[in-house]
Structures are given as structure tokens and as C-alpha cells.
Amino acid sequence: MAGTDRVSMNDALSNVEVLDELPLPDEQPCIEAQPCSVVYQANFDTNFEDRNGFVTGIAKYIEEATVHANLNELLDEGQEHAVMLYTWRCCSRAIPQPKSNEQPNRVEIYEKTVEVLAPEVNKLLNFMYFQRKAIDRFSQEVKRLCHTEKRKDFVSEAYLLTLGKFINMFAVLDELKNMKSSVKNDYSTYRRAAQFLKVMSDSQTLQESQNLSMFLATQNKIRDTVKENLEKVPGYEELLADVVNICVHMFESKMYLTPSEKHMLVKVMGFGLFLMDSDLCNINKLDQKKKLRLDKIDRIFKNLEVVPLFGDMQIAPFNYIKRSKHFDASKWPLSSSQTSSPQADLMVHLPQIREDHVKYISELARYSNEVTTTYKECGSDMENKETADLALRGLQLLSEWTSVVTELYSWKLLHPTDHHQNKECPKEAEEYERATRYNYTDEEKFALIEVIAMIKGLQVLMARMETVFTDAIRRNIYAELQDFVQIILREPLRKAIKNKKDLIRSIIMSVRETCADWPRGVDPNQDPALKGKKDPESGFNLKVPRRNVGPSSTQLYMVRTMLECLISEKSGGKKTLRKDIDGTYLVQIDQFHKTSFFWNYLLSFSEYLQKCCDLSQLWYREFYLEMTMGRRINKCTVRHHHNEECNDLITMEKRIQFPIDMSMPWILTDHILKTKEPSMMEYVLYPLDLYNDSALYALTIFRKQFLYDEVEAEVNLCFDQFVYKLSEQIFGYYKQLAASIFLDKRFRVECSAVGAYLLPYPRANRYETLLKQRHVQLLGRSIDLNKLITQRINADMQKSLDLAISKFEAGDITGVVELDGLLQVNRLCHKLLSKWLALDDFDSMYREANHNVLAPYGRITLHVFWELNYDFLPNYVYNAATNRFTKYRGILFSQAVSRDRPPQMSHHYLWGTKQLNMAYTTQYSQYSGFVGPQHFHTMCKLLGYQGIAVVMEELLKIVKSLIQGSLLQFTKTLMEEAMPKICKLPRYDYGSPGVLEYYHAQLNDIVQYPDARTELFHNFREFGNIILFCLLMEQALSQEEVCDLLQAAPFQNILPRPFCKEGEKLEAKQKRLEAKYQALQIVPNIEKLGTAKQAVISREGDLLTRERLCCGLSIFEVVLNRLRSFLDDPVWVGPPPANGVMNIDECTEFHRLWSALQFVYCIPVSENELTVEEMFGEGLHWAGCTMIVLLGQQRRFEALDFCYHILRVQRVDMKDQVIKRIDLKRMCDRIRRFQVLNSQIFAILNKFLKSGENDELSVEHVRCFPPPIHPSLSSQQHYHAPDHVRP
Amino acid sequence: MAVPSGRGENVQKQIQQDWVNREYIEIITISIKKITDFLNSFDLSCRSKLASLNEKLTILERKIDYLEACVTKGETLT
């Protein structure tokens, strides 16, 4: 809008109206106190400045308004002095004192002291002057009102109340002055310095200084002066009795709104009675004369034993009574009794508060819905009245709850606990701690939180409806006022005119003229009532207008006071005006007077809404700070020889604030966090809002920067703590939830059957609402709670993964199954949390934890390889029967493995809780001690193609070094030194014992060879384990792939064959299925919806998936071929056979050596010796057989093997005897077993090696030799099939 | 205490005018209050939206960081 454009009023207003229609969504649930960045409060209180405008009113009351205005100003000033006293912080303690008179900078110190303290001392001087002035003024007023003539006249309610406020002010100031010793200390420091410097030279200043000193030093000075002055006024006690009575009346009929007004009434009762009771006057006698009702006051004092003053200061009003002259305990049965006050017990009030809350909230909700759904310009008079009543009731409820909270708090402060009453309270606990931290039971803390939440929650709701409320309030007040003035007052006016009661007539006329808003600007002159006549038969038509505005504060005061004088029991004359007014009119006027009492509050709705919900004082602790100051001594903690300087250090370390653990807002917040109570979790932001209240109070009422700074510092600390604790808790909760979901269901059932304690699922908690908070208002800052928690939980998640891997790194290879479980639980936890928090991608986090982002191989891969190399290959023993590797724990052929210690971690980084940790540890301990298919599967999953490739590549390097290193070396040595050059197959005629004996003799060197059974076999075992590892990995991988393919099938249009009943066509059924799952098929969908490039990619992906298993790529085959390439040394095959065909008896090839080794391990051992199976397992055989196959020596081995030969012969003669300490039968059993094993191994190897070849084709490459014919058999043409040679 | 009617009429008119004026002030006050309310809910709504925008940007930033790390293999992109 350009600056020059003029906008009409109507346009401007409709622009504002339009604002309402803009949708402004806020997606977070409201669980915090009223969040507002801009607060607008219009204040129309003029403090009677406009009184002269109402010249039509009765002059006396206009004069009285002037008095009120002045007195109000004094009251405001008094409030400032009270604030000054309460917030006084000791300055003198920080000021250095000259240690001796000889100190050279003594003068300088004193000068500075005076300079620094002078402005503070000035405040004290002003305070002294003020109290003098106020007491004088008060005494004057009392004197004026107590004049014998005046006594008979009526004194207005407002006047009495103002006097009451004065009494209250004196009580408060006196109490504060008594309690604050720092004020006196500071002044004496100043005085000492000033006297030294002779600043106060003239006698007047000296006198003033003396006065101030006396004033500050004398306890109860203000109280006593007031009393002294009053006692000079004759009949003052009657006026004070009126004041006390009106306070009792107002208290009992709840004619107050804010908690502080309520407390003021009680203080006035106590202090008023104290002032009245003197030598001249005995309150007990006044009670007898029914001028006072002490029994009523007694009950009030019992219900409110302690009245809050400021922050942590309070007054016990009954103490004034106890100190009065004629105190008689029998008159005060309740207050004198030892029973505890209802004020001390929040739980008594709680049910009622809850009920009121629910009732009111539902009413408000119904009304709020009505307002938002129906559009009305303005409601009817009736509706407006109901709404205004609703608003008033809301304010009253809020005020009531707030006073319950503050009164409890004050009572607790005055009744601190100790280690006898509360076992948790340590003996050396500080005063403030005993008054706050240890002074509330868990139940009370919850109740406090709940009430605070109700207050703050309702405040939000009512503030939202403020415009609706205030609109109805103004319309209602206007209507009621104008109807009363223009219509109802006509009747008494008519009567007064008729009966010539001039005074009443003029008062009623004044009322009408002061506030009537006549439709035509002036009162209707023709109104017959004005002439005391009856209305005409047809009725006198009066139309009272309607407006959206209330009366001004002065106007309201004038009307109410004038009406009050009509109905008052007292008047200046002989008889009261009441007598001349009809009873019905009196009732109407009285009713109006009562209703209109609350109009002032309602007209400043937003101000009072805030005042009724103000819980700021729960934080302030100036009194306790001053009390504790200096008493808490921290020892010098530095390790050195303590000296003088340490004493200075101690004084520097004096407490300037209490730790947050003693601070009410944090105590309550922390209580929710500590107990994790789900029903309270959503309230957790409400106690934090107390800081907002306190900060606002520091800024607007106390107006002290240092208090705000302290609140702010505490909030900074608390909020950090809050976020830290909350996010840790949330992470723990979700981890526990994930682990509980993941836990085997049958395991859980069995656990409970056995009676083992295992928590069920974690108790559902309402963290979601908290996690949705994106703008929490705290001290004017807006905080994105969700973001803060996300940051922390992201870090926790990362740490959790990191620790899972570290745990794996600290254990052997069997831990891989547990690692997988941990990763899965973390993944589930991540998934659950991701619903509310924008966490990083799980896979990225996992790769980061695995150090797999920058490096090609992760920690897991490296550790798997490390474990394979140092632990698995040298120490594990394979057994095909169980398909497991187990650890051989006897002789170790390698160095013991040393690993990092497992990291220390709290439960929530592992499985969530201690119980879950135990459950899972028990489960996964089943997987330790062996390596089986489960381990291979998880290794496959965790390593992935890349990892597997790396591991295998590295393993092949190990194999290479084995084959070309120690194995080759051994082979060479043994072939040259130990193997016989020729070793024949002895004939059957020798019998099996003979054959065995022959071989034993021939192979004696090998049998005796020291390293054969140890080092050599160990090397073969390592080699064999590698082969087995590769084989089993591939098996596991294939299964994983099959699963993948099956899962991918529906997306590739591969559907299982449907079942067909008779008469159904398979093709038709299949077509239907295809159509049904069309939406799942990736390629056609991408082709249809995606770009050409995407289509190509999807097609390629599809092809890759389809053909993954089709072309029969096998890792193991490649491994075998690689192994073959390592066997390039001539020693493996020996020189070519001399006969050009094959070696039969010569021991030059590797298989002959293996036969010799087989002979060695086939020799049965005695019971105490270790078998090779035990020590090396089948890896040994795998190594031997693989080498034989790869060298192409399998058939020769099978045909010519020594052991096989023994077995063949033994099978024929079935002999059994012990030769050379070898049991033949047992030996043969062993041979048979290994023979079967060997042929199985050969079969598997050949399957892989010859997978690409056709058996028939391979036969063509074989050169067939006719079998040699024995000369004796040459005549018989008999062919002996070579395959049938073997038994 | 009776007021001369001429002056009384004048005062009555003034008081009536006062009602009108105060109603006018009240209308302005209500409108300012409405504007404040609007500003407050606008503030909350904006904060809520900005927070979710911020969240999205943070995710993107972190993803970029991650991808950059993946791509560079240790060297930093400049």
C-alpha cells in the first residue's frame, strides 16, 4: 500500500476481518503454555484521571476519587520499595575491607566504597522517607474518617479496601525489612566508609544517617510506628474493624480474583487485628460485641496458615495475633491446634480440581466449537451473559488453582523436611534443598505437575478465545448497565419523585446522568417516571441501545459507589436511605452492585488471565540465597600447601545461586524424566514454562537484569539437560521396543514358563507428541525440539552401530551371528524412530560405522579375514557329519589370539535393557564354539559380493604361500629323504598282515618322521579349511541368491504355477494371475511411465537378476582352477614315467606321498593318544584330495594307494592280528572310513571341475590302453574291467 | 445537587459522545488484538513450516556429505 493512499476505516476493519480467514496450519500438538511472540494488552485504567468529566455525579465521590488516585500512587510506590527490598543483593560482601589502619590504599578503598554504595543507600533513604510519608498519610485518612460526625456516615467499599491495601503494604514492607539483613550490612559498610571520609559533614545529613541507621536496625519499626500513630486517633479501632470485616466478607464471598488479592485480604485481617489490639482496645471484647467475628477469622487463618509474599518469603498471619496484647488461645481453637492445615496437602484438593477442570474444559470446548462453526455478528443478550459468565468462571478457576499451588509452595518453604522425616534427605542437606528438593513426595510432585499443566493448558485455551470472550463481555456489561440505568432505575426514581424524597431522587438521577447512553443523546424528557407519574396504558416505549464497549473505570466506580450509598446501612443523617426504598428495588440494586464488582476484571480480561496463571514465584529464592550466602564454604581443592590465599579463594567460591536440582521448575521437569511416567510425559514442557513466568516477572515487575540473567542461565543449563535426558530416554525406549519385537516369541514364552524374569514389551509412552514439537517457546526463543532430538539420536544410532561392530571385533568369528542380530535390531529401531525423526539413511550410517565409506572394505570384512587367518584356519576342525567347524582346544599350532577388550557400553546401545541383554546373550551363546551354516549365511549377508571376493582373494594368497612354501618344502624333503624310491603292491598271497608289515617297513621313515603328524598335517589342515571355507561360502551365497530371486519373482512376472481343478485351463488361470499382479511388474511399468533411459536400466537390471544363477558361474570352480595354477613345481608330478605310460611302483608323484601320509594317519592310536580327526578334522583330507585331483592323479591314487591295497587284501583274507603294535582290523576300519571320505571329496571336486564338460566327450580324449596280460594268462583272452578291481 | 437542565443536557451529550468515542477506541483495540493474534499464529505456522524445510535441507546436506565422501575416497572436493 502506498503511503499516500488513504484507507477508509471500513476498509481497514474489513482487512482485519479477512486475516481471520487465512489458513495458518500448525501441525504440532499443543502441549506447551501459551506460545506468543507478540503480546498486546490494552490498559484503559485511568486511575480516576477522568473524574472531572463526570460532573453529574455526586461531588463527594468525585472528591473521594481524587483521594483514591493519590493513595493508589502511594501504593504503587510502596510496591516498588517492596521489590527493592526483596531483590536486594548484598554488596558489602564483595567490597574489600581495609585490613588495618596502616594500609596505604585505605582511603582509596573507602572512596570507592562510598561511590559504589551511594546510589544504593539513596534508595534506602527514599524508602525511609516513603514509609514516613505513607504512615502520615494513612494516619490522616484514618483520623479524617474517625471524626465523630464522619463515623456515622457511610464509607464506601472501595475506600475501605484501599485502607486495607495500605495495611497490607505496611505489613509487607515491615516483614521484608526485618528479613533482609544484607540491607543493614550494606548500610553499615557505607556508613563506616562515609564516616571515615567525613562525607557527611553537616549536622542534618548526620542526623538523617543516624535515623536511617536506627530505622534499618530496629525490628518491626514500621509496624510499631503505624500502631503508635493510630493509637492517637480516637475510635480508630472501629474503622479498622470495618476494614477487617469487609476483608472477611470479601474473602468468604470470594469477591477477589487474583491469588495476590486473596492473600492481601488475609494479611489485612491479621495485621489489622494486631493494630487494633492495644491498651485501649481488646479485640476479644469486640468479638463479644459482635463487632468482629473471630471464629470466622480463625477458620480462615487455619486454612491459610502461610501467605506467600514474594518468591520464597511468606507471612504467617496468625503470628500477628499471637504477638498481640490480649491474645487468648481459647478464642483461636483452630489456628492454635497442631493439626496440619489443608494448605499443606495438595492431594486433598486434587480430586475437586480435576473435576472442575474436566467440567470446565468440556463446556469451553462445546462453546468453542459453536463459535467456530456458526457465524454471528453478535450473540443475544442472554448468550453474551453466558459467555461472560463462562469467562469469569474460567478466571476464577485458574486463580483458585494457582493459589493452591503457590500456597502449598509457601507452606513447604516454611516447613522444610529433614533426614528424620524423609529418608532420602541426607543429613548435611542445605536449607533450601530441605525446603524444595526433599520436601515433596513423588505423589505431590505429580500432583503439582498436573495442576500446573491444567493451569497452563486452560490458559492457552482461554487466551485463544480471548477476542470472543472480550466481545461478549463488553456487550454483556454494556447491556446490563444500560438496562439497569435506563429501565430498572425508573421505578425507584418514579417512587422517589412521587414521595418527594429529594436525596434519593438526586442520587438516582446522578447515576443515570453519569453513565446512561441515551439513544437520542439526552434523557427522554417526556418520560412520565421523571414526573413521578404512572406510565400510560399502552406502556412507555423505551429502546435501550446496544454497543460493544464497557464503562470506563471511573464511571464504573462512580455508579457503584453511588448505588452503594443508597443501600448502605449507614448514612450521614439520622436514618438510612434504605428505609425509603422498596425491598424489591433494594434487592435489584444490591444484585447489580454484586455483579458489577467483577466488571473491572472482565474488562481487562487479558491482564487478569495472565495474573491468574502467574507461577513465577516458584523460582525466586532471594531469601534463601541470602541465608545461605557465605555459609556454604567450598574448600580449596587444588593440591598444594594451603596458605592465606586459599582463604581468599574460599570466599570467592561462595554460592551465588543454587544448583538446578534444588530449583522447583527443574525438580518437576526432572521428576517426569526420571519416572518416565507415560501419563505425565506430555506435560513435561509445562514445568519448564515456569521459567517463562519468572523471566517475565524479572523483566516487568522486579525490573532486575541480574535476575533475568540468572533465570536465563538456569534455563540454558536445564534445557540442555532436558534434551540430553529426553533423547537418551527416547532412544532407549525405541531400542527396547525393537529388541522386544525382534526377540523370539517362543523363547519369550519359555522364559515365562520357567519363571525367568523377562519384561514384556516396554510400557507404551507418549514420546510421539514430544517428537512432533518443532517450536517450543522458552524465554522468547523458539526451539525446534524435534531437530535437537534428531541430532542426538542420530549420534546415538551411529554409536550403537559402531559399538555393535566393536563388540564383534572383540570376539571370535562365531560372533558374526550376534552382530547380524544387533544390526537387525538397530535397523528396526531406526525404522521405528524414522517415523518421527529425520534420521540419516540406515545404510549410510551402517557403512560409516563399518568404515566402509572411504575404504573399499569395512571393519567387518577385515575382522572376518583377521579371524579366519589367525583363529579359524589354524584352530578349527571340520566335520562333515555335523557340517560344522569346531575349535580344537588341545595342542595349538599357532600363537594364541589376542583381541581388543570389548568396549564398555550402556544397555541402550546394545539390546535396550539389562534383561534383554541377558536374553540375547543367552540366545547367541548357542552359536559360539562352532562355525556352521548359520555363520556362513550371516557372513555372506554381511560381507556381500565385494567382501567375499576380497576374503577369498586373500585366502588364496595364503594358500599360495602354503603350497609354494612349507608344503613344497616338506614334499621335497620327504620325497628325497623319507620316501622309498620303489614301493610295490605286494601280492595277495602274502596275506594282509604281510602286506601291512611290508608297507610298515617300507614307510618306516615317514612314520617316524617327527613333523609329519604335527607341522605338516597342520599345514594341510589350514589348506583344507580354506577350501572348505570357499565351498561352504558359495553354498550359503547360493541360498541367499535363491531367496533373492524368489522375492524378486513377483516383480518380474514369474508366478508360481496355479492349482487347476478339473476342467480349468491352466493358461487362462495364469493369464488372470498375471493381470492381477501387473502393477507389481517393474519393467513394463517403467517402460510405460519412465524415461527411455530408466527403461533401459530397468531392463538390464531385470536381465541381471534373471540370469544370475543361469549361466552356472561358480566361485568354487574358479578357486580350484586358481589352486591348480599354484601347483606348478615339477616335484608334484615327478619325472615322466619310464614306461611312457604311468608309474606303478615308483614313488615320484605327489599321490604316493599322500598314500604314505594316509598310511600314517590310518594307523590306529591307543586310547590316550590324539587321533588326526580330532586334531585336524577333514580339512586334512580335503587338502590332500584336492591336490591329487588338481594334479590329475586321482585314478592312480585310487588304484595304487597303500592303504587301499591293505584293505583289499584284508577283505579277502579277513585276518586280524597285531603287527608292529598295529591292530590290523582296526587299521582296516579306519582305512575304509577314509576311503569313503576320500571318494566323497573326489566326487564333489569332480562335480565342480567337470561341470562344464560332458562326460562322454571327455572319454574321447582318453587314450585307452589294453590291460597288460600276465604271461600265465596270455592264452586266456580275459578282460578285467579296471573299475571292478576295487572291492 | 440538581444540575441546571441546560448544562445537564450538555454534559449528557458529552457523556453520550464519550460512549461513542470509547466504542470507536474499542473497535481499534479489537482490531489490533486481532492483528496480534494473526501475527502470533502466522509466526507459529511459519516456524512449523520453516522447521520442516530446514529438516529437508539438513537431510539433503547430510546426504551430499555422504555421497561426496563416497565419491572422493578421502580427497576433499573443492
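Residues numbered from 1 in each chain as written. Chains lettered and ligands numbered in written order. Predicted model: local features only at pLDDT ≥ 70, side-chain atom pairs only at ≥ 80, totals over all residues. Heavy atoms only, no water.

### Focus on the overall build of chain A
Let me state the cut-off plainly: We count a stretch as a helix when DSSP gives it H or I for four or more residues in a row; a strand needs E for two or more, and each element gets its number in order from the N terminus. In this treatment the radius of gyration is a C-alpha quantity, and the globule benchmark scales as 2.2 Å times the residue count to the 0.38 power. Each residue is placed in one exposure class: buried if its accessible area under a 1.4 Å probe, protein chains only, is under 20% of its type's maximum, exposed if it is over 50%, and partly exposed if it falls in between. Whether two residues touch is decided by their heavy atoms; if any such pair falls within 4.5 Å, the residues are in contact. Method for areas: the Shrake-Rupley scheme with a 1.4 Å probe, in which residue coverage is limited to the protein chains shown.
Assigned secondary structure in chain A consists of 53 helices and nine strands. In terms of C-alpha radius of gyration, chain A reaches 51 Å, well past the compact-globule figure of 33 Å for 1287 residues. Seen through its principal axes, chain A has C-alpha atoms that stretch 175 × 100 × 65 Å. Within chain A, the proportion of its 1287 residues that are buried is 52%. The contacts of chain A with a sequence gap of at least 6 include a subset with a gap of at least 24, amounting to 80%. For chain A, the accessible area works out to roughly 62,200 Å², and carbon and sulfur atoms hold 53% of it.

### Description of the overall build of chain B
Helix and strand counts for chain B stand at one helix and zero strands. Taking all 78 residues of chain B together, 31% fall into the buried category. Accessible surface, chain B as shown: approximately 5,100 Å² in total, 62% of it carbon and sulfur.

### Points about the nonpolar core
Grouped burial of nonpolar side chains is what soluble globular proteins tend to show. Residues and elements named next belong to chain A. Short version of the rule: Remark: nonpolar core denotes a set of buried residues (Ala, Val, Leu, Ile, Met, Phe, Trp, Tyr, Cys) joined through side-chain atoms within 4.5 Å.
By size, the foremost hydrophobic cluster in this structure holds 378 residues, and its most contacted members are F469 and F722. At 20 residues, the largest contribution of residues to this core is made by helix α39 (residues 933-978). Non-local contacts of F469, meaning those with residues more than four positions away in its chain, are made with Y360, L364, Y367, T387, L390, A391, M462 and F605.

### Brief notes about the environment of A:K291
Along the chain, A:K291 turns up in the loop between α11 (283-288) and α12 (294-303). Considering only alpha carbons, one finds A:K291 and A:N245, 46 residues apart in sequence, at a separation of 8.4 Å.

### Details of the interface of chain B and chain A
To keep things clear, this is the line we draw: Buried area is calculated as the accessible area (1.4 Å probe) missing from two parts once they are joined, with the contributions of both summed. We define a salt bridge as a side-chain nitrogen of Lys or Arg found within 4 Å of a carboxyl oxygen belonging to Asp or Glu. In protein, a polar contact requires one atom able to donate a hydrogen and another able to accept it; more generally it is a pair of N or O atoms within 3.5 Å, and residues adjacent in sequence count only if both atoms are side-chain atoms. Amino acid classes used here: Ala, Val, Leu, Ile, Met, Phe, Trp, Tyr, Cys and Pro are nonpolar; Asp, Glu, Lys and Arg are charged; the rest, including Gly, are polar.
The interface of chain B with chain A comprises 49 residues on the first partner and 62 residues on the second. Note on chain B versus chain A: buried area summed over both sides is about 5,100 Å², and carbon and sulfur give 62% of it. Summed over the three residues of chain B that lose the most area to chain A, namely B:Q12, B:W19 and B:Y66, the buried surface amounts to 15% of that side. Applying the counting criterion to the chain B and chain A interface returns six salt bridges. One salt bridge in this structure joins B:E23 and A:R547, with 2.9 Å as the shortest N-O distance. If you look at where chain B meets chain A, you find 15 residue pairs in polar contact (both at pLDDT 80 or more). For the side of chain B that touches chain A, the per-class residue count stands at 22 nonpolar, 12 polar and 15 charged.

### As for empty space enclosed by the protein
All names here are of chain A. How we decide: Cavity and pocket criteria rest on a 1 Å grid covering protein atoms alone: a 1.4 Å probe that fits but cannot get out defines a cavity, protein on both sides within 12 Å along at least 5 of 7 lines defines an open pocket, and an atom within 4 Å of a point defines a lining residue. Grid points are joined across faces, edges and corners, and a volume is the space filled by probe spheres set on the points.
Scanning all chains against the criterion turns up four cavities of 30 Å³ or more. Of the pockets and cavities examined, the largest cavity occupies roughly 60 Å³. Looking at the largest cavity, the residues that line it are P492, K495, A496, N499, K501, I504, D580, I581, D582 and Y585. Looking at the lining of the largest cavity, the element that brings in the most residues is helix α20 (residues 490-498), giving three residues. Of the residues contributing to the lining of the largest cavity, the split by class is five nonpolar, one polar and four charged.

### Brief notes about the pairing of strand β6 (residues 884-887) of chain A
All names here are of chain A. Which entries qualify depends on this criterion: Here a strand pair is declared whenever DSSP counts at least two bridges between the two strands.
Alignment of strand β5 (residues 876-879) against β6, held across four bridges, turns out to be antiparallel. Residue V877 lies in a different strand from β6, and its bridge partner there is T886. What sits between β5 and β6 in their antiparallel hairpin is a turn of four residues, with N883 showing a positive phi close to 55°. Judged from the two bridges that link them, β6 and strand β7 (residues 930-931) form a sheet pairing that is antiparallel. When the sheet's bridge partners are listed, T886 is paired in β7 with F930.

### Remarks on the confidence of the model for chain B
The predicted structure's coordinates, where accompanied by low pLDDT, should not be read in detail. Residues and elements named next belong to chain B. Basically, it comes down to this: Known as pLDDT, the predictor's per-residue confidence is scaled from 0 to 100.
Mean pLDDT over chain B: 83, with 82% of residues reaching 70 or higher. Low pLDDT, under 50, characterises residues 1-5; the stretch is placed with four contacts to residues that sit more than four places away or in other chains. Among the scores for the predicted complex, ipTM is 0.89 and pTM is 0.88.

### Notes on the packing of aromatic side chains
We describe a pair of aromatic rings using the distance from one ring centre to the other and the angle between the two ring planes. All names here are of chain A. Convention followed: A pair of Phe, Tyr and Trp rings is counted when the ring centres sit within 6.5 Å of each other, with Trp represented by its six-membered ring. The angle between the planes then sorts it: under 30 degrees is stacked, over 60 is edge-to-face, the rest tilted. Charge-over-ring contacts are defined here by two conditions on Lys NZ or Arg CZ: a distance within 6 Å of the ring centre and an angle within 35 degrees of the ring normal.
Counted according to the given criterion, the structure contains 65 aromatic pairs over all chains. Aromatic pair W911 and Y920: ring centres 3.8 Å apart, planes at 5°, arrangement stacked. What links up through ring pairs into an aromatic cluster is the set F1017, F1020, W1132, F1150, W1154, Y1161, F1176 and F1234. For the cation-ring pair, R748 lies above Y761, with the distance from its terminal atom to the ring centre recorded as 4.6 Å.

### So, the packing of helix α44 (residues 1082-1089) of chain A against helix α45 (residues 1092-1106) of chain A
All names here are of chain A. Using the following cut-off: For helices, the fitted line uses only the C-alpha atoms of the stretch in contact; every axis is such a line through C-alpha atoms, and the angle between N-to-C directions lies from 0 to 180 degrees. Roughly parallel here means an angle under 35 degrees, roughly antiparallel means over 145, roughly perpendicular means 65 to 115, and every remaining angle is called oblique.
The interhelical angle for the contact between α44 and α45, taken along N-to-C directions, is 170°, at an axis separation of 8 Å. Between α44 and α45, the crossing angle belongs to the class labelled roughly antiparallel. On α45, the residues that touch I1082, V1083, I1086 and E1087 of α44 are Q1094, A1095, S1098, R1099 and D1102. Across the contact of α44 with α45, the residue classes tally to four nonpolar, two polar and three charged.

### So, the sheet that holds β5(A)
Here we have three strands laid out as an open sheet, ordered β5-β6-β7 (chain A), and antiparallel in their pairing. The outermost strands of the open sheet, each flanked by one partner alone, are β5 and β7 of chain A.

### Some remarks on unusual backbone geometry
Residues and elements named next belong to chain A. In this structure, K290 is a non-glycine residue whose phi angle is positive, near 65°. Mapped onto the secondary structure, K290 falls in the loop between α11 and α12. Unlike most non-glycine residues, M1214 shows phi in positive territory, near 55°. Mapped onto the elements, M1214 comes out in the loop between α51 (1202-1213) and β8 (1218-1219). The exposure class of M1214 is exposed, given its relative accessible area of 55%.

### Overview of helix α36 (residues 842-849) of chain A
A turn of α-helix holds 3.6 residues, and therefore any two residues three or four places apart point the same way. Looking only at α36(A), the buried set comprises A:F842, A:S844, A:M845, A:Y846 and A:A849. Positive phi appears at A:H851, one or two residues downstream of α36(A), with a value of about 55°.

### Let's talk about the UniProt feature "domain: CYRIA/CYRIB Rac1 binding" (unreviewed entry) in chain A
Rules: UniProt positions are given in the numbering used here, feature names are shortened, and annotations may be inferred rather than shown by experiment.
The feature "domain: CYRIA/CYRIB Rac1 binding" (unreviewed entry), as given by UniProt, occupies residues 63-277 of chain A in the numbering adopted here. Helix makes up 79% of residues 63-277 of chain A and strand 0%. Its end C-alpha atoms lie 32 Å apart.

### Let's talk about the pattern of salt bridges
Residue and element names in this part refer to chain A. The final tally for this structure, using the stated rule, is 75 salt bridges over all chains. Across the salt bridge formed by E607 and K611, the nearest N and O atoms sit 3.0 Å from each other. Taken together, the positions of E607 and K611, both in helix α25 (residues 605-612) and four residues apart, correspond to about one turn of that helix. We classify K611 as partly exposed; its relative accessible area is 38%. Notably, a salt bridge pairs R1196 with E1149, separated by 2.2 Å at the nearest N-O pair. Linking R1196 in helix α50 (residues 1194-1200) with E1149 in the loop between α46 (1115-1126) and α47 (1150-1162), this pair joins segments that are 47 residues apart in sequence.

### Thoughts on the side chain of A:H908
Counting through the fold element by element, A:H908 comes out in the loop between β6 and α38 (914-925). If near-sequence neighbours (up to four positions away) are discounted, A:H908 is found in contact with A:E728, A:F731, A:G732 and A:K735.

### Focus: the side chain of A:N422
All names here are of chain A. The residue N422 is located in the loop between α16 (381-414) and α17 (431-435) in this model. Residue N422 is classed as buried on the basis of its relative accessible area of 17%. Looking at N422, its side chain comes within polar contact range of the main-chain nitrogen of E424, at 3.0 Å. Setting aside its immediate chain neighbours within four residues, N422 contacts T417 and Y438.

### Some words on a negative patch on the surface
In plain terms, the rule: Surface patches are defined over residues having more than 30% relative accessible area and no salt bridge, joining like charges when they lie within 9 Å and nonpolar side chains (Val, Leu, Ile, Met, Phe, Trp, Tyr) when within 5 Å. Positive charge is attributed to Lys and Arg, negative charge to Asp and Glu, and no charge count is given to His or to the chain ends. For charged residues, the charge sits on one atom: NZ in Lys, CZ in Arg, CG in Asp, CD in Glu.
The grouping of A:E49, A:E73, A:D76 and A:E80 at the surface amounts to a negative patch. Classification of A:E73 as partly exposed rests on a relative accessible area of 46%.

### Re the packing of helix α49 (residues 1179-1190) of chain A against helix α52 (residues 1224-1249) of chain A
All names here are of chain A. Note the cut-off: Handedness of a crossing follows from how the near helix is turned relative to the far one, being left-handed for an anticlockwise turn of less than a right angle and right-handed for a clockwise one.
Two numbers describe how α49 lies on α52: the axes approach to 9 Å, and their chain directions differ by 50°. Classed by the angle they form, the pair α49 and α52 counts as oblique. Crossing geometry of α49 relative to α52 is assigned as right-handed. Of the residues in α52, those touching α49 at H1181, W1182, C1185, T1186, I1188, V1189 and L1190 are F1234, L1237, N1238, I1241, F1242, I1244, L1245, N1246 and L1249. Counted by class, the contact of α49 with α52 contains 12 nonpolar, four polar and no charged residues.

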